[in-house]
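Here is how the chains run, residue by residue.
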Amino acid sequence: MSNALALRNRPASPPSSESRSVTLQFEDNALLPLLYGEHDRHLARIEQRCGVRLASRGNRLTITGNAERTGMAEQVLRGLWRGIERGQAPGASEVEAAIRMAEGEMEQDPRLPLQDIPQIRTRRGAIAPRTPAQSAYMETLAKHEMVFGIGPAGTGKTYLAVAQGVALLQAGRVDRIVLSRPAVEAGERLGFLPGDMKEKVDPYLRPLYDALHDMLPAEQVTRRLAAGEIEIAPLAFMRGRTLAHCFAILDEAQNTTPAQMKMFLTRMGEGTRMAITGDPSQVDLPYGQKSGLVEAISILRDVPGIGFTHFDERDVVRHPLVGRIVSAYGKMEGARPASPEARSGEARGRVAGKELNVTGK
């Protein structure tokens, strides 16, 4: 237990098996505004999500509510306080992350590792998971040479894979990072744009650039790109190559054909690690074309040395509405009657989440 945070059970009057009251006492009053948030907005969010009442007086914060929910709120506050002691001022996203992790433990989410929550450390700081699935994914990235991250947009699949690649590059465990995507439009037509090949494919690869700039200073990204330590290439340019001593990421893998997926996976050379990310519910391939990601999951799910982590709407870490949108679309597609298009959905990679419910192993 931190020496700055003492736990004392306040006697309940009268005690109840259904309710609990816990008082947390903080020694460093100067840090309390960081924990409480501006106008106590962090406390208000914890009250709302955890279903408890929080009352502060001086350097004491009392949690009252259902015993299980009180324990959850206590865990959230303890986690946030530990981060504050390390110099990490929590924002709204960190509060949401702490709540998600506590919810996962309360529900005994099988995706939540039993050991301490992992972190990916880059020179710009440590990147910690914000959901149980992200925690499992980070452990799988560390343990396996080939990892599939499967799930909806906004769950951090690509971001965490890029972070792992940057961490390995900075530690000297790989010589370079190779980032690839299939150049498939999501309803737009970009081929008419002027410029050379790089300028034409850059719009497809923009999310990978954005993730890199979050991990590294801009001048270092530019220098490493020029030196070949970071390579961003369309999938079509990978044929015939052998990728050795690198961390290779295939993003938007649901838009690969089976032949493209097999081609990419077999580029793996000595000392190489791979991360393949995608969302089988957002396939942009021509109608009737089978998704290479869905086929690969079916073929490779029992192959030793390959890890899988599945994400769902609970793991969306963008705006809270994004998670609700993903959930609403999932319910609509699940209730939709079978039609010729739906029956051919497997060929387009539209697989229900339950069919892909595999975790890191």
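The present account deals with the structure reproduced in this document. Computed from a predicted model, the values in this text were never measured in an experiment.

### A short note on the nonpolar core
In terms of nonpolar packing, the biggest core is built from 33 residues, with Val-162, Leu-179 and Leu-212 touching the most fellow members. Among the elements of the structure, helix H5 (132-143), helix H6 (157-170), strand E8 (176-181), helix H7 (197-215), strand E9 (230-234) and strand E10 (246-250) are those that each provide at least two residues to this core. Per-element tally for this core: the top contributor is H6, with 8 residues. Not counting the four nearest positions on each side in its chain, Leu-179 is found in contact with Val-162, Leu-208, Leu-212, Glu-231, Ile-232, Ala-233 and Ile-249.

### Things to note about the packing of H5 against H6
Put simply, H5 and H6 touch, their axes get as near as 11 Å, and they point 35° apart. Both H5 and H6 take part in a crossing whose hand is right-handed. Of H6, the residues touching H5 (which contributes Gln-134, Tyr-137, Met-138, Leu-141 and Ala-142) are Lys-157, Leu-160, Ala-161 and Gln-164. For the contact of H5 with H6, the class distribution of residues is 6 nonpolar, 2 polar and 1 charged.

### Digging into a nonpolar patch on the surface
Taken together, Leu-321, Ile-325, Tyr-329 and Met-332 make up a surface patch of nonpolar side chains, about 380 Å² in accessible area. Positionally, Leu-321 belongs in helix H11 (residues 320-335).

### A closer look at the packing of aromatic side chains
Throughout the structure, instances matching the rule amount to 3 aromatic pairs. Between Phe-26 and Trp-81, the aromatic rings sit 4.6 Å apart at their centres with planes inclined by 55°, giving tilted as the arrangement. Of this pair, Phe-26 sits in strand E2 (residues 19-26) while Trp-81 sits in helix H3 (residues 67-85), and the two are 55 residues apart along the sequence. No difference in accessibility class separates Phe-26 from Trp-81, as the two residues are buried. Ring plane angle 15° and centroid distance 5.0 Å describe the contact between Phe-148 and Phe-308, whose orientation is recorded as stacked. Separated by 160 residues along the polypeptide, Phe-148 in strand E7 (residues 146-150) and Phe-308 in strand E12 (residues 306-310) bring together distant segments of the chain. Neither Phe-148 nor Phe-308 differs from the other in exposure class; each is buried.

Criteria and thresholds
- Residues numbered from 1 in each chain as written.
- Predicted model: local features only at pLDDT ≥ 70, side-chain atom pairs only at ≥ 80, totals over all residues.
- Heavy atoms only, no water.
- Core = buried A, V, L, I, M, F, W, Y, C linked by side-chain atoms within 4.5 Å.
- Buried < 20%, exposed > 50% of the residue type's maximum accessible area, 1.4 Å probe, protein only.
- Helix = DSSP H or I, 4+ residues; strand = E, 2+ residues; numbered from the N terminus.
- Contact = heavy atoms within 4.5 Å.
- Axes fitted to C-alpha atoms, helices over the stretch in contact; angles between N-to-C directions.
- Left-handed = near helix turned anticlockwise from the far one by under 90°.
- Nonpolar A, V, L, I, M, F, W, Y, C, P; charged D, E, K, R; others polar.
- Patch = residues over 30% accessible without salt bridge, like charges linked within 9 Å, V, L, I, M, F, W, Y side chains within 5 Å.
- Areas by Shrake-Rupley, 256 points an atom, 1.4 Å probe, with all protein chains shown as cover.
- Salt bridge = Lys/Arg side-chain N within 4 Å of Asp/Glu carboxyl O.
- Phe/Tyr/Trp six-rings, centres within 6.5 Å; stacked < 30°, edge-to-face > 60°.

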